[in-house]
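# Observations on the three-dimensional arrangement
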Amino acid sequence: MTTRDKIFYGLAAFTAALLTRNLYQIFLVLPDELNQGAAYRIFYFHVPSAMLGMTGIGIALVFSLLYLFTKDFRWDSIAAGITEVSMVFCTMFMITGTLWGRISWGVWWAWDARLTSALVLWLIGAGYLMLRRAIDEPTTRARLSAVMSVFGSVNSYIVWKSIEWYRTQHPQPVLSMRSGGGMAPGMEATMYWNLLALLCLAVLLIMLRMRQETMTREVEALRRYAHAL
Amino acid sequence: MDQTNNAFLFYGFAAAWLVVIGYVVLLALRERKLKKQLDQMQAMISSETANRKGK
């Protein structure tokens, strides 16, 4: 077993234990919220997945820019891996958000600044992944993906700040770390613990995805070698 | 109201986990395909190399 495997399995065990602890806390320890009842618990996945999805797309920009400056395909692989996993979290926050909106606002969707910019972010991410599948030539694929990553990151910042810049249907910042009104201490602490658990899950998924990128590069190298024979 | 609340809570958590599980299944299928491609390429190259040595 390599060091990388040991880290992977160790992190997987830690993540599983932390998620179990958090689910126990969310469902069996914390009380219902006064106005929203049991449904407020959706927040424990909605908020951390939104944070991870948006931050991930921002981090992918760093690696995309590194590719544009160095032309090293490793940076492109890392950017692609992080964007793909971020899209999983973006999908998670979009779905959980509409479900929460349905019960709190009585509608599945509202075309306000926060929700619309989040949808645009999701579409840019989906476009990024489709673009990578559509282009076979590695250099063109990496260059165009990096450019698209810039758009995604700018929009990610707009989504993040939209609840401060505009009056929207979406709640204003709630967490005390964003100068919001805050939640009851036990409720807010559980949010951060679940953020940590989902962050570990994201790292695990990125590690799996990176291994596949390495395998893809090996297949492409062997294919070139076979053509040269 | 409470029943609706619980139903939406269930849908929310089910959707969140289904997205993650779906992605993990996708990763597993992709990895299997890549391993197969890698094995095929390696087998093809080694047989081609053996043929050239034979000549």
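Structure: see above.
About the thresholds
Residues numbered from 1 in each chain as written. Chains lettered and ligands numbered in written order. Predicted model: local features only at pLDDT ≥ 70, side-chain atom pairs only at ≥ 80, totals over all residues. Helix = DSSP H or I, 4+ residues; strand = E, 2+ residues; numbered from the N terminus. Rg over C-alpha atoms; globule rule 2.2 N^0.38 Å. Buried ≥ 20, exposed ≤ 12 C-beta atoms within 10 Å, placed from the backbone. Axes fitted to C-alpha atoms, helices over the stretch in contact; angles between N-to-C directions. Left-handed = near helix turned anticlockwise from the far one by under 90°. Contact = placed C-beta atoms within 7 Å. Expected span 1.5 Å × (residues − 1). Bend = angle between axes of the 7 residues up to and from the residue. Nonpolar A, V, L, I, M, F, W, Y, C, P; charged D, E, K, R; others polar. Parallel < 35°, antiparallel > 145°, perpendicular 65-115°, else oblique.

### Brief notes about the overall build of chain B
- Scanning chain B from N- to C-terminus turns up one helix and zero strands.
- In terms of overall size, chain B is more extended than a compact globule, its C-alpha atoms giving a radius of gyration of 24 Å where 55 residues would be expected to give roughly 10 Å.
- On the principal axes, the C-alpha backbone points of chain B span a range of 80 × 10 × 5 Å.
- Per-residue burial over chain B gives 11% buried out of 55 residues.

### As for the overall build of chain A
- Looking only at helices and strands, one finds six helices and zero strands in chain A.
- Shown N-terminal to C-terminal, the secondary structure of chain A runs as helices and strands in the order α-α-α-α-α-α.
- Counting only C-alpha atoms, chain A reaches 70 × 45 × 25 Å along its principal axes.
- In chain A, which comprises 229 residues, the proportion classed as buried is 34%.

### Remarks on the packing of helix α3 (residues 73-104) of chain A against helix α4 (residues 113-134) of chain A
All names here are of chain A.
- Contact pair α3 / α4: the axes reach a minimum separation of 10 Å and the direction vectors enclose 140°. Here α3 runs over α4; the crossing is left-handed. Contacts between α3 and α4 pair Ala80, Thr83, Glu84, Ser86, Met87, Cys90 and Met94 from the former with Ala118, Leu121, Trp122, Gly125, Ala126, Tyr128, Leu129 and Arg132 from the latter.

### A closer look at helix α5 (residues 138-165) of chain A
Residue and element names in this part refer to chain A.
- Over its 28 residues, α5 runs 39 Å from end to end, which matches the ideal 40 Å to within 8%, given 1.5 Å per residue.
- Considering bend angle alone, the principal kink of α5 is centred on Val159 and spans about 30°.
- Residues Ala142, Ser145, Ala146, Ser149, Gly152, Ser153, Asn155, Ser156, Val159 and Trp160 constitute the buried set of α5.
- Looking at the buried positions of α5, the neighbouring elements they touch are α2 (43-70), α3 and α4.

### Focus on the interface of chain B and chain A
- On the chain A side, the residues contacting the 26 residues of chain B number 28 residues.
- Here the side of chain B that touches chain A is composed, by residue class, of 16 nonpolar, six polar and four charged.

### Quick look at the packing of α4(A) against α5(A)
Residues and elements named next belong to chain A.
- Contact geometry for α4 and α5: axes closest at 9 Å, N-to-C directions at 165°. Put simply, α4 runs roughly antiparallel to α5. Seen from above, α4 lies across α5 with left-handed handedness.

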